[in-house]
Amino acid sequence: MAPADIEYLWSLRSVRERCFRVQEAAARNRLQHFEVDQSKFNDMVQYVLSLMKRDFDDTNDIPVHGRWRHFDVGGRPRIRNLINSWASLGEDTMEQTRRILDLFVVAVLLDVETDHTWSYREQLTGRILKRNEGVAVACLEMFTAGSFSSDASKPHRVDSEALMRFNIETLAAGLQVDSSHNLLVVLQDRVDLLRHLGQVLQSRQDYFGIDVARPGNLMDYLLAHPTTISTKKGPLIHLETLWPVVQEMGEVWTASDNSGKGGTRDLGDVWPCGAIQTNSNDTFDHFVSFHRLSQWLVYSLIEPMEKLLGATIEGTEQLTVLPEYRNGGLLVDTGFLTLKQPDLERGLENYRKNALLPGQPKVEIAPMFEMSDPVVVEWRALTVAYLDMVAERVRDTLGLNRKKLSLSQLIEGGTWSAGRELAEISRPNTQEPPIVIKIDRRVIY
């Protein structure tokens, strides 16, 4: 593969460009796995608008999409309380930012998709929490207990030494998972991912520091970078400076083996898509980039940079809707996308076979595919492209531009929430997506 191909497919701009090529194939009726009902497009738009109007009096009140939201479940400002406690002890805003970045990096990498049977009891309040929010609060309590620090006198940090010796027992205990729960299948992958992060922290001292290698030290790297500009408001940081850093943290590892289950080797979350394959001699012309994990890190990390240091991140308009099941489920549960009959039958048979395995779900049958399946690639690409179009229609309806209503806000207050609610309504017992991605090794997205 030519270096130019590698560089392009690793880039953020390739995500939207390649996904819209799949949308163009849909417009020409050349999809291989889905039917598109354009008459349902406005239904999606109206559903997103109705949720935004129900949940927010003003669009200015819609928060951005990021891991911070999950920590504040139940209206309890856990992160702000933590920051205030550090400030009261004399920690300056730079160290506060490093610590929050430490926490958020680990919380994103541990953002495992749990099923409806898992729950977490918050130690501080006794409250029972589930799903992404439960995992976030579990990460927070592990963080404050010093589970990710090698120095008992400095528990509120994440460092390479602690990560490299992190083990499955610590994670299972931290998430309150017993030995019989099928969540253990994916937890070993997350342990391996954290150990990989520990190695990256030590090998990339230019990013993460020399004396104590921490994820939060990337803030020092960004501020010292020659492209960063100091302004009265705060630092102006280019997203292109942050992008390779976040990719090293996790996505490189997920595609580093030869199984093909976590992505394309040397390219990350990038997959072939038959809908855009041509007779061109360019071997990678039909590959579609997603970089979901790296984008989730960016969405989550830029918020504390902005709030604590007054930073401005230049280039965030390149970020896309995250191609995951809540956003993608919106397209399917509204009837906008429908699986073609052969793929539907194949997916249902996959589910039935998987249900025979110990600990696997057996209720509310839905078509199931592996992450690498062409159905999933096409679904994810259509999710990115069509929800970009939904976002534009929502803005037009409200008379707002992108500065007044960012894509990040639209995901948080609209598409992500809509997909989750539709899953709860359509499949109340499991709240699973309309298309299930099989849990497997290296499947981090």
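Let me begin by describing the structure that accompanies this report. (Residues numbered from 1 in each chain as written. Predicted model: local features only at pLDDT ≥ 70, side-chain atom pairs only at ≥ 80, totals over all residues. Heavy atoms only, no water.)

Thoughts on the overall build of the protein chain
Put simply, the test is: Numbering of helices and strands starts at the N terminus; helices are DSSP runs of H or I of at least 4 residues and strands are runs of E of at least 2. Put simply, the radius of gyration uses C-alpha atoms, and a globule should come to 2.2 Å times the residue count raised to 0.38. Any residue under 20% of the maximum accessible area for its type is buried, any over 50% is exposed, and the rest in between are partly exposed; the area is computed with a 1.4 Å probe on protein chains only. Note on contacts: a residue pair is in contact if any heavy atoms of the two residues lie within 4.5 Å. Per-residue and other accessible areas were derived by the Shrake-Rupley procedure at a 1.4 Å probe size, with only the shown protein chains allowed to occlude residues.
Helices and strands together make up the secondary structure of the protein chain, namely 18 helices and 11 strands. Compactness check: the protein chain gives a C-alpha radius of gyration of 21 Å against a globular reference of 22 Å for 445 residues, within 12% of the reference. Dimensions along the principal axes, computed over C-alpha positions, put the protein chain at roughly 60 × 50 × 50 Å. Taken over 445 residues, the protein chain has a buried fraction of 57%. In the protein chain, once contacts between residues fewer than 6 apart in sequence are set aside, the share between residues at least 24 apart is 71%. Split by element, the accessible area of the protein chain, about 18,400 Å² in all, is 50% carbon and sulfur.

Observations regarding the environment of Pro-77
Inspection of the secondary structure puts Pro-77 in the loop between helix H4 (68–71) and helix H5 (78–88). Given the relative accessible area of 35%, Pro-77 is considered partly exposed. In this structure the C-alpha to C-alpha distance between Pro-77 and Lys-404, which are 327 residues apart in sequence, comes to 25 Å.

Structural notes on the nonpolar core
Quick note on the threshold: Residues belong to one nonpolar core when they are buried, are Ala, Val, Leu, Ile, Met, Phe, Trp, Tyr or Cys, and are joined through side-chain atoms within 4.5 Å.
Ranked by internal contacts, the top residues of the largest apolar core, which has 127 residues, are Phe-148, Leu-218 and Met-305. Among the elements that line this core, the one with the most residues is helix H17 (residues 374–398), at 12 residues. Once residues lying within four places of it in the same chain are set aside, the contact partners of Met-305 are Leu-101, Leu-218, Met-219, Leu-222, Leu-242, Gly-310, Ala-311 and Ile-313. Counting seven residues, the second-largest nonpolar core is a separate cluster that includes Trp-10, Leu-267, Val-270 and Phe-284.

Examining the side chain of Gln-295
Here Gln-295 shows up in helix H14 (residues 292–309). What Gln-295 contacts, discounting residues up to four positions off in sequence, is Leu-12, Val-15, Trp-243, Phe-290, Leu-319, Thr-320 and Leu-322.

Brief notes about H5
What counts here: Regarding the arc, it is the one traced by the directions from the helix axis to the C-beta atoms.
Taken as a whole, H5 has its buried residues at Arg-78, Ile-79, Leu-82, Ile-83 and Trp-86. Taken around the axis of H5, the buried residues stretch over an arc of 135 degrees, which confines them to a single face. Where H5 is buried, its residues meet H4, helix H6 (93–109), helix H7 (131–144) and H14. Just downstream of H5 lies Gly-90, where phi reads positive at about 95 degrees.

Quick look at the pattern of salt bridges
As a reminder, the rule being used: We count a salt bridge whenever a side-chain nitrogen from Lys or Arg sits within 4 Å of a carboxyl oxygen from Asp or Glu.
Considering all chains together, one arrives at 28 salt bridges under this definition. Here Arg-21 and Asp-285 are joined by a salt bridge, their closest N and O atoms 3.3 Å apart. With Arg-21 in helix H2 (residues 13–27) and Asp-285 in the loop between strand S6 (270–272) and strand S7 (287–289), this pair connects stretches of sequence that are 264 residues apart. On the basis of relative accessibility, which here comes to 22%, the residue Arg-21 falls in the partly exposed class.

Regarding the side chain of His-291
Its location among the elements puts His-291 in the loop between S7 and H14. For His-291, a relative accessible area of 0% gives the class buried. Every residue in contact with His-291, bar those within four places of it in the chain, is listed here: Leu-9, Trp-10, Ser-11, Ser-14, Val-15, Trp-243, Gln-247, Glu-251, Leu-267, Asp-269 and Val-270.

Let's talk about the state of the cysteines
Let me state the cut-off plainly: Two cysteine sulfurs form a disulfide in these notes if their separation is within 2.5 Å.
Taken as a whole and judged by the stated rule, the model has zero disulfides. For the unlinked cysteine Cys-273, the closest cysteine sulfur is that of Cys-19, found at 8.8 Å.

Points about the environment of Leu-308
Inspection of the secondary structure puts Leu-308 in helix H14. Spatially, the C-alpha atoms of Leu-308 and Gly-234 are 9.8 Å apart, while their sequence positions differ by 74 residues. Ignoring sequence-local partners within four residues, the contact set of Leu-308 consists of Trp-68, Ile-83, Thr-93, Gln-96 and Thr-97.

So, the packing of aromatic side chains
Pairs of aromatic rings are described using the distance from one ring centre to the other and the angle between the two planes. Using the following cut-off: Under the pairing criterion, centres of Phe, Tyr and Trp rings, with the six-membered ring standing for Trp, must be within 6.5 Å; the plane angle then separates stacked pairs below 30 degrees from edge-to-face pairs above 60, leaving the rest tilted.
Scanning the model with the defined rule gives eight aromatic pairs in all. The interplanar angle of 25 degrees and the centroid separation of 5.4 Å between the aromatic rings of Phe-148 and Phe-166 together place this pair among those described as stacked. Pair noted here: Phe-148 is in the loop between H7 and helix H8 (160–164) and Phe-166 is in the loop between H8 and helix H9 (168–174), with a separation of 18 residues, a long-range link. Look at Phe-166 and you get buried, because its relative accessible area is 2%. Centroid distance Phe-336 to Tyr-386: 4.8 Å. Interplanar angle 75 degrees. Geometry classified as edge-to-face. Taken together, the residues Phe-336 in the loop between helix H15 (325–333) and strand S9 (337–339) and Tyr-386 in helix H17 connect sequence positions 50 residues apart.

Focus on the packing of helix H3 (residues 41–55) against helix H18 (residues 407–426)
Helix-helix packing is described using two parameters, namely the angle between the two axes and the distance between the axes. Put simply, the rule is: Every angle, taken between N-to-C directions, lies between 0 and 180 degrees, and every axis is a line fitted to C-alpha atoms, over only the stretch in contact when it is a helix. Small angles under 35 degrees read as roughly parallel and large ones over 145 as roughly antiparallel, with 65 to 115 read as roughly perpendicular and the rest as oblique. As a working rule, the residues Ala, Val, Leu, Ile, Met, Phe, Trp, Tyr, Cys and Pro are called nonpolar, Asp, Glu, Lys and Arg charged, and the rest polar, with Gly in that last group.
At their nearest, the axes of H3 and H18 sit 9 Å apart, and the two run at 105 degrees to each other. The angle between H3 and H18 falls in the class roughly perpendicular. In this structure, H3 uses Tyr-47, Val-48, Leu-51, Met-52 and Arg-54 to contact H18, whose residues at the interface are Leu-410, Gly-413, Gly-414, Thr-415, Ser-417, Ala-418, Glu-421, Leu-422 and Ile-425. Each residue belonging to the contact of H3 with H18 can be placed in one class, and the counts come to eight nonpolar, four polar and two charged.

Here's the deal with the sheet that holds strand S4 (residues 229–230)
As a reminder of what qualifies: When DSSP finds two or more bridges between a pair of strands, those strands are recorded as paired.
The strand order S4-S5-S8 describes an open sheet built from three strands, whose pairing is mixed. The open sheet has two edge strands with one neighbour each: S4 and strand S8 (312–314). Of the strand pairs in this sheet, S4 and strand S5 (residues 235–238) are connected by two bridges, and their pairing is antiparallel. Residue pairing across strands places Ser-230 opposite Pro-235, the latter belonging to S5. Across the sheet, helix H13 (residues 239–254) is in contact with S5 and S8; its angle to S5 comes to roughly 60 degrees.

Considerations on the pairing of S5
Counting the residues in the hairpin turn of S4 and S5 gives four residues, including Gly-234, whose phi is positive at 155 degrees. Pairing of S5 with S8, which is carried by three bridges, proceeds in the parallel orientation. Paired with Leu-236 across the bridge in S8 is Thr-312.

Shape is all these values report; function is a separate question.
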